[in-house]
Amino acid sequence: MSEPFDADAIVVGSGFGGAVAAARLAQAGFTVIVLERGRRWQSGTFPRRPDLKDGWMWEVDRGLYDIRWHGTMASVQAAGWGGGSLAYANVFARPFAGAMDDRWPASLHRDRLDPYYDLAAHMLEARPVQDDPGTGRLPARTELVEGMVRGMAMAEATVRPNLAVTFGDPDAWRPNRHGVPQRGCAFTGECVIGCNRDAKNSLDRNYLAVAEREGARAVTGAEVRRIEPRGGGYAVTTATPGDRKAPLREWTAPRVVLAAGAVATNELLLRARDVHGTLPGISPLLGTGFSGNGDFLTLAELREDGQDMATGPTITTSTVLDVPEGKRSVWYQVQDGAIPPQVTELLDTVLPGKRLRERRRRRRPAAPGRTFAVLGMGRDSADGALRLDDRGRATLAWRNRWQAELYRSQLRLSPLLGRLLDARLYQPVTWSLLRRTVTVHPLGGVRPGPDAATGVVDDAGEVHGHPGLYVMDGSVLPAATGVNPSATILAVAERSVETVIRRTGRDGWRAPEWEDVEPANVPEDAAFASMAKRHATTSGDGVVFRERMATPRRARRRTVLQLTAETPSMDRFLADPLHALRMRGTIEVAGLASATAIEGALSLFPTGRDEAMVYDMRFDDDSGRPWTLTGVKTTRSRSPIALLHGLTSLRTEIAPVGAGPAAAQRFTVHIGPIDLLRLGSSVSGRGFTRARRVRAAARFASFFTRAALRRRGNGRDADPPERETDSA
């Protein structure tokens with residue numbers, strides 16, 4: 001007779017996946033044990049002193065941060081009851097539907113996951129940043145970023161993301177919807193070093209609180225070392241971190257959920273398969289498809305003293321960017337990030353090496369409050385491979401070539417942001433000196449698939465060939481999310497554990513909170529949609545040029561047109577039979593309009609028409625009456641001189657809107673020699689890089705030259721000149 005199990009389910013890890021699994025399994029009536037290697041961080045106990053022995057580092061005194069170097073990349077994760085939620089930046093964001101490419105199975109696409117995102121947002125009570133209760137204003141970083149983009153073509157791509165933060169009176173305690181007392185955010189900017197003010201909606205205040213209320217047993221200080229089949233279930237062996245003399249302990253259950261984070265979960269499974277031999281037959285794909293979520297950090301130092309950039313929640317804005325790079329576009333998002341002064345003090349104290357300390361001393365601003373982080377994340381290759389080194393720890397084989405364009409684009413952004421923010425931007429020493437990227441969002445390595453040949457786990461996270469063994473953390477995400485991934489990990493875990501519970505015979509089981517869930521606002525969708533529209537309208541980059549045309553000075557009604565022509569997309573321009581450009585500028589008509597605004601369109605060598613150029617524009621005269629302006633340029637001869645004359649002479653007709661033909665005034669405006677030289681020199685491309693701007697301008701010049709020569713060669717536009725009614 002087999003020994004009884006310790007519980008119905010063991011959950012390894014209490015982060016975003018483990019917390020969901022623990023809560024839902026307990027709510028469904030399972031007995032649950034949650035094994036967490038870290039400690040419980042009580043309010044007020046997070047590290048603050050500039051001393052590594054104050055609880056900062058896992059390797060020093062089992063502190064908050066576990067920093068692991070994997071060759072060319074380092075990963076950072078938090079340790080403690082609540083996992084990464086203890087030190088993340090609170091952002092609850094959903095990936096753009098278009099970012100979930102063919103690497104993502106259909107079960108993990110947005111249309112399937114959106115209800116579970118809503119459920120997770122309800123659990124975390126996520127909402128955008130509110131006004132600082134101390135000042136009555138938004139944080140200075142929020143105002144800085146939103147002020148920067150205001151009036152820009154990409155303003156709609158900047159949004160305030162939902163944050164898992166409690167806002168309100170920082171001195172008033174009130175229970176959250178799970179009955180856990182919390183206070184309002186005090187805007188100290190300390191989210192990523194653990195909130196000592198009880199305002200952070202970390203997992204210990206929601207999912208884990210629900211799990212414990214429903215009977216789940218929390219075991220902290222229990223680091224899992226080994227997993228093996230035992231009596232129709234599994235035995236999990238744990239050690240006490242930092243205490244080699246403490247005896248090992250075994251825990252048994254018919255079901256085990258691995259949720260230790262992407263790096264640790266991969267390590268546990270790789271050891272079980274390749275070192276201990278306890279879980280043979282795990283897919284050879286284990287460890288592959290690792291992603292750093294395209295994380296890239298830049299530091300910004302304002303050139304002048306102003307408001308404190310370290311106040312407020314760590315992140316308050318997200319800007320979605322679609323940046324042409326090489327022959328394709330690179331999508332990523334940029335977020336503002338507060339740098340707590342305690343981190344600055346700690347680095348001043350512990351940074352190793354004379355060279356690093358000297359470099360930091362030179363770069364350290366006199367007023368730390370002027371410095372903040374610019375956090376980028378995007379779609380990387382997700383082709384890293386985790387393997388075990390001689391010590392049984394994960395090491396990463398990572399080819400940077402695919403994401404070189406992503407990193408290069410993020411680096412190119414620095415000078416532009418520097419100008420817009422009036423700030424000096426620079427990279428941290430991990431990149432500037434060591435050329436090592438750092439990710440706080442390690443993902444992948446345990447990809448889902450229908451069988452062991454295509455994935456490590458199935459649709460519900462169950463490991464192929466090992467019934468009852470599940471994975472529910474960031475390791476099951478098959479590629480970068482391009483946004484902060486915590487919401488996606490939560491949503492995938494919600495869907496997975498629901499499926500697992502239903503497979504046990506509880507058909508139709510749902511989380512009890514579903515009755516109160518309402519569709520959540522998704523601000524990042526509007527940002528992505530805005531940039532997708534901009535992407536479509538700027539394909540191939542754009543071109544702009546300026547022209548000045550005027551009647552002769554002796555004309556009875558002196559007329560001057562100063563116009564700017566622009567197309568945002570050469571691809572769309574060339575594909576358009578009308579070859580239309582937007583026109584805007586000013587018109588001056590003696591006695592009628594005094595340099596008033598005029599706008600409309602120019603069709604340049606329209607297909608199927610004899611005219612070389614067709615203008616169709618609108619303006620208001622000095623009395624406010626609306627007028628139309630139409631005009632054509634024609635090429636009447638094969639003579640080069642006649643061709644040039646035709647292309648620089650606009651036969652124009654203006655008339656009040658709604659008036660009959662008799663009210664029309666006709667005249668010709670010309671581009672003079674000096675203005676022709678200015679026009680030619682004004683043609684310029686619009687693109688993110690100089691190479692793309694030059695290419696766009698060259699494509700336009702090639703089109704114009706070919707079209708003009710074809711018209712000349714065909715001898716088209718040989719109609720007689722129209723009678724001019726208002727020229728000399």
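Everything in this summary refers to the structure shown in the same document. (Residues numbered from 1 in each chain as written. Predicted model: local features only at pLDDT ≥ 70, side-chain atom pairs only at ≥ 80, totals over all residues. Heavy atoms only, no water.)

1. Considerations on the overall build of the protein
From N to C terminus, the protein includes 16 helices and 33 strands. The C-alpha extent of the protein, read off along each of the three principal axes, is 110 × 55 × 55 Å. By the burial criterion, 56% of the 728 residues in the protein qualify as buried. Put simply, of all contacts in the protein between residues at least 6 apart along the chain, 67% involve residues at least 24 apart. Summing over all exposed atoms, the protein offers an accessible surface of approximately 30800 Å²; the carbon and sulfur share of this is 51%. Averaging the coordinates of the 99 positive side-chain charges in the protein and doing the same for the 84 negative ones gives two points 8 Å apart. (Helix = DSSP H or I, 4+ residues; strand = E, 2+ residues; numbered from the N terminus. Buried < 20%, exposed > 50% of the residue type's maximum accessible area, 1.4 Å probe, protein only. Contact = heavy atoms within 4.5 Å. Areas by Shrake-Rupley, 256 points an atom, 1.4 Å probe, with all protein chains shown as cover. Lys, Arg positive; Asp, Glu negative; His and termini not counted. Charge placed at Lys NZ, Arg CZ, Asp CG, Glu CD.)

2. Thoughts on a positive patch on the surface
A cluster of basic residues, Arg546, Arg686, Arg690 and Arg693, forms a positive patch at the surface. Checked against the element boundaries, arginine 686 lands in strand S33 (residues 684–686). (Patch = residues over 30% accessible without salt bridge, like charges linked within 9 Å, V, L, I, M, F, W, Y side chains within 5 Å. Salt bridge = Lys/Arg side-chain N within 4 Å of Asp/Glu carboxyl O.)

3. Looking at the side chain of histidine 122
Note that histidine 122 resides in helix H3 (residues 110–124). If near-sequence neighbours (up to four positions away) are discounted, histidine 122 is found in contact with Arg177, Glu513, Asp516 and Val517.

4. Brief notes about unusual backbone geometry
When glycine is set aside, most residues are seen to have a negative phi, and most peptide bonds are trans. Phi at asparagine 90 takes a positive value of approximately 75°, unusual for a residue other than glycine. By secondary structure assignment, the location of asparagine 90 is in the loop between strand S4 (73–78) and strand S5 (91–92). Exposure remark for asparagine 90: the relative accessible area of 0% places this residue in the buried category. Although it is not a glycine, phenylalanine 187 adopts a positive phi angle of roughly 60°.

5. Things to note about the pattern of salt bridges
Considering all chains together, one arrives at 43 salt bridges under this definition. Residue glutamate 228 pairs with arginine 226 through a salt bridge whose shortest N-O separation is 3.1 Å. Glutamate 228 sits in the buried class, given a relative accessible area of 17%. Among the charged side chains, a network of salt bridges with common partners joins Arg94, Arg110, Asp114, Asp118 and Asp525.

6. Things to note about the packing of helix H1 (residues 16–27) against helix H11 (residues 486–503)
The N-to-C vectors of H1 and H11 enclose an angle of 35°; their axes lie 8 Å apart at closest approach. Every pair of crossing elements has a handedness; the one defined by H1 and H11 is right-handed. Where H1 approaches H11, its residues Phe16, Gly17, Val20, Ala21, Arg24 and Leu25 are matched on the opposing element by Ser486, Ile489, Leu490, Ala493, Glu494, Val497 and Ile501. Of the residues contributing to the contact of H1 with H11, the split by class is nine nonpolar, two polar and two charged. (Axes fitted to C-alpha atoms, helices over the stretch in contact; angles between N-to-C directions. Left-handed = near helix turned anticlockwise from the far one by under 90°. Nonpolar A, V, L, I, M, F, W, Y, C, P; charged D, E, K, R; others polar.)

7. Section: helix H6 (residues 262–275)
Compared with an ideal rise of 1.5 Å per residue, which puts 14 residues at 20 Å, H6 spans 19 Å between its outermost C-alpha atoms and is within 8% of the ideal. Here H6 lies mainly inside the structure; twelve of its 14 residues are buried. Those residues of H6 that sit buried are Ala262, Val263, Ala264, Thr265, Asn266, Glu267, Leu268, Leu269, Leu270, Arg271, Ala272 and Arg273. Of the residues trailing H6, glycine 277 is marked for its positive phi of about 70°. (Expected span 1.5 Å × (residues − 1).)

None of this, on its own, says anything about what the molecule does.
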